[in-house]
Amino acid sequence: MCASAKMKSSGKGWELFGSGDSIVYVPIERKNAATLSAQVGKCRIAALYDLDWNADLSPWRAKAVFRGQEDFAGNADAYLKKLVDCVIAEAEAGQTIRRRMIAGYSMAGLFAMYAAARCDCFSGAASASGSMWFGGFIDFLKEAPHVPERAYFSVGDRERLGRNRTFQSIEECTRAAERILREKGAETTFELNPGGHFSDPVGRLAKGIRWILQQ
């Protein structure tokens, strides 16, 4: 049985929006997928649903940084394998795809950059308010085996003012991640948006996707 069939039977699935010869894979809440596609414009959005964000999108095991949350399970490699082995093949079947990219917000932004640096499947990645503060991630990027052609990073200008000490490093870590990929040869940009972590997540993510889609 294909891994993607297992994903669907366990409540994890995906859905396509839009048209074009570029496709962007995005872990996102189902209620926001159509809005994101409309804001991005002419490309295919492969919306990835029903994920356990702290488990499926975390690169390795780590203690929770926010009170009341479960620890990070570190299942990103397993989810990336399912994405690459099955979802991509099914989502792109019968289509002419010129560019394949990946994007995400918060933990999904972390996963997007992890995936693009872990394998050569994605030519671009966008992280909007991504969890670049995740312990060990900046060191991982320094030694990562792959570099996407284009990488977009953004954070809110008030995110570093949060009470959580780990989360306060989000802007510093995001700037560091952008610099590392730029120095490794990627075309990158960093953008500071107004507001905190929960200010216009769909709009910020759409802005990042539009940037990586530029020629």
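The coordinates are above.
Here the structure is a predicted model, which means the values were calculated and not measured.

**What about the nonpolar core?**
If you look at soluble globular proteins, the nonpolar side chains tend to sit buried side by side. Among the nonpolar cores identified, the biggest contains 49 residues, and Tyr25, Leu83, Ile102, Phe111, Phe122 and Phe137 are the most heavily contacted of them. Put simply, the parts of the chain that give this core at least two residues each are β2 (22-27), β3 (44-48), α4 (76-91), α5 (107-118), α6 (137-143), β8 (150-156) and α7 (170-183). Beyond its immediate stretch of four places on either side in the chain, Phe122 contacts Tyr25, Leu80, Leu83, Ile88, Arg100, Met101, Ile102, Ala115, Ala116 and Pro148. Counting residues in hydrophobic clusters, the runner-up holds 24 residues, among them Tyr105, Tyr152, Ile209 and Trp211.

**Topic: helix α8 (residues 201-213)**
In an α-helix there are 3.6 residues to a turn, and that puts residues three or four apart on one side. Under the 1.5 Å per step criterion, the end-to-end length of α8 is 18 Å for 13 residues, consistent within 8% with the ideal 18 Å. Across the 13 residues that make up α8, a large majority, 10, are buried. By the burial criterion, the buried members of α8 are Val202, Gly203, Arg204, Leu205, Ala206, Gly208, Ile209, Trp211, Ile212 and Leu213.

**Things to note about the pairing of β2**
Regular strands show a simple pattern: their side chains alternate between the two faces of the sheet. Here β2 lies mainly inside the structure; 6 of its 6 residues are buried. Residues Ser22, Val24 and Val26 line one face of β2 and the alternating positions Ile23, Tyr25 and Pro27 line the opposite face, and both faces are buried. When β2 meets strand β6 (residues 99-105), the two strands line up parallel, connected through 4 bridges. Across the sheet, residue Ile23 finds its bridge partner in β6, namely Arg100. Where β2 lies against β3, 5 bridges are found, and the strand directions are parallel. Looking across to β3, one finds that Pro27 is bridged to Leu48. Following the backbone out of β2, through helix α2 (residues 30-40) and into the adjacent parallel β3, one traces a crossover that is right-handed.

The rules behind each value
Residues numbered from 1 in each chain as written. Predicted model: local features only at pLDDT ≥ 70, side-chain atom pairs only at ≥ 80, totals over all residues. Heavy atoms only, no water. Core = buried A, V, L, I, M, F, W, Y, C linked by side-chain atoms within 4.5 Å. Buried < 20%, exposed > 50% of the residue type's maximum accessible area, 1.4 Å probe, protein only. Helix = DSSP H or I, 4+ residues; strand = E, 2+ residues; numbered from the N terminus. Contact = heavy atoms within 4.5 Å. Expected span 1.5 Å × (residues − 1). Pairing = 2+ DSSP bridges. Right-handed = clockwise from strand over helix to strand, strands pointing away.

Any functional reading would require information that these geometric values do not contain.
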